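Fold and geometry: a report
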Amino acid sequence: MDIYALIWKEKEKKELGTLLACNEKTQRFGLCLTEEQARELVICRNNSLKKYQRVEFGSGILDKLIYVFCDSPYIDGGSYTETLEKLQDVFYAFKNETQDKVTDDEILNFMKEQFDSVCCGDIEYLGGTCLERFSRAVRDGYRGYEKSQGMGEYEQFSEEERWDADLYHEVLAELFW
């Protein structure tokens with residue numbers, strides 16, 4: 001066995017250990033990865049990196065992605081691995097679309113906030129609408145996300161009309177009084 005194969009095998013072992021260690025935190029949310037699922041995530045991560053022509057040094061983004069999204073009401077044990085695969089693919093696409101101007105944490109914060117609110121767990125809407133609009137603004141020079149760490153940023157880029165909670169409660173109160 002050559003030195004590169006040994007290095008690769010050791011790197012994979014470390015990555016799997018890191019992902020499986022995430023189970024300590026995620027179990028309380030009903031989410032747990034098996035070793036096979038962790039391997040699948042690493043393979044999908046490698047495919048995403050190739051697809052978006054990216055290189056990662058160090059441990060990568062998977063463990064951060066798991067920690068940020070584990071408490072989402074839109075992720076359950078049955079779709080956990082598949083959801084993580086799609087989210088990491090969206091993450092790498094977003095890194096490219098923002099031309100690496102946005103930090104990993106800013107991207108993860110933005111993704112999580114939109115996933116749990118505007119998108120209601122819809123990954124296609126997250127990637128195709130929310131992240132596309134935000135990426136366009138970043139490429140055009142927007143930098144407001146730097147102060148907010150990516151939180152509370154989407155409403156100014158949203159093109160949809162949203163309902164007003166205060167107005168809703170006001171009308172509801174009028175109906176019942």
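Everything in this summary refers to the structure shown in the same document. Note that the coordinates shown come from a computational prediction; the quantities given were computed from them, not determined experimentally. (Residues numbered from 1 in each chain as written. Predicted model: local features only at pLDDT ≥ 70, side-chain atom pairs only at ≥ 80, totals over all residues. Heavy atoms only, no water.)

To continue, consider the overall build of the chain. Within the chain, the regular secondary structure consists of nine helices and zero strands. When the elements of the chain are put in sequence order from the N terminus, they spell out α-α-α-α-α-α-α-α-α. Within the span of the chain, comprising 177 residues, buried residues form 38% of the whole. For the chain, contacts bridging at least 24 residues in sequence account for 65% of all contacts bridging at least 6. Carbon together with sulfur atoms contributes 53% to the accessible area of the chain, which is approximately 10,500 Å² in total. Positive and negative side-chain charges in the chain, numbering 22 and 36 respectively, have mean positions lying 7 Å apart. (Helix = DSSP H or I, 4+ residues; strand = E, 2+ residues; numbered from the N terminus. Buried < 20%, exposed > 50% of the residue type's maximum accessible area, 1.4 Å probe, protein only. Contact = heavy atoms within 4.5 Å. Areas by Shrake-Rupley, 256 points an atom, 1.4 Å probe, with all protein chains shown as cover. Lys, Arg positive; Asp, Glu negative; His and termini not counted. Charge placed at Lys NZ, Arg CZ, Asp CG, Glu CD.)

In this section: the packing of aromatic side chains. Tallied over the full model, the rule gives nine aromatic pairs. Note on Phe91 and Tyr92: the rings are 5.4 Å apart at their centroids and 80 degrees apart in plane angle, and the pair reads as edge-to-face. Under the relative-accessibility criterion, Tyr92 is labelled buried at 1%. Consider the rings of Phe94 and Phe110, whose centres lie 6.0 Å apart with planes at 25 degrees: the pair is stacked. Here Phe110 lies in helix H6 (residues 104-116) and Phe94 lies in helix H5 (residues 80-97), a separation of 16 residues in the sequence. (Phe/Tyr/Trp six-rings, centres within 6.5 Å; stacked < 30°, edge-to-face > 60°.)

Turning next to helix H4 (residues 62-69). For the α-helix, the turn length of 3.6 residues means that residues three or four positions removed from each other point alike. Looking at H4, one finds that the buried residues are Leu62, Asp63, Leu65, Ile66 and Phe69. Relative to the axis of H4, the buried residues are bounded by an arc of 160 degrees and lie together on one face. (Arc of directions from axis to C-beta.)

Tallied over the entire structure, the rule returns 13 salt bridges. As a salt-bridge pair, Lys51 and Asp89 come within 3.1 Å of each other at their nearest N and O atoms. Here the residue Lys51 occupies a position in helix H3 (residues 35-51), and Asp89 occupies one in helix H5, the gap between them amounting to 38 residues. Residue Asp89 is classed as buried on the basis of its relative accessible area, which comes to 18%. The network of salt bridges with shared partners includes Arg54, Lys95, Asp100 and Asp104. (Salt bridge = Lys/Arg side-chain N within 4 Å of Asp/Glu carboxyl O.)

Right, let's get into the side chain of Thr83. Take Thr83: it is sitting in helix H5. According to the relative accessible area criterion, Thr83 is buried, its value standing at 9%. Here Thr83 is in contact with Ile75, Phe115 and Ile123, once residues within four sequence places are set aside.

Look at H6: 18 Å from first C-alpha to last across 13 residues, which is about the 18 Å you get at 1.5 Å a residue. Residues of H6 that are buried: Glu106, Ile107, Leu108, Phe110, Met111, Lys112, Gln114 and Phe115. Residues of H6 that are buried in the fold lie against H4, H5, helix H7 (123-139) and helix H8 (145-148). (Expected span 1.5 Å × (residues − 1).)

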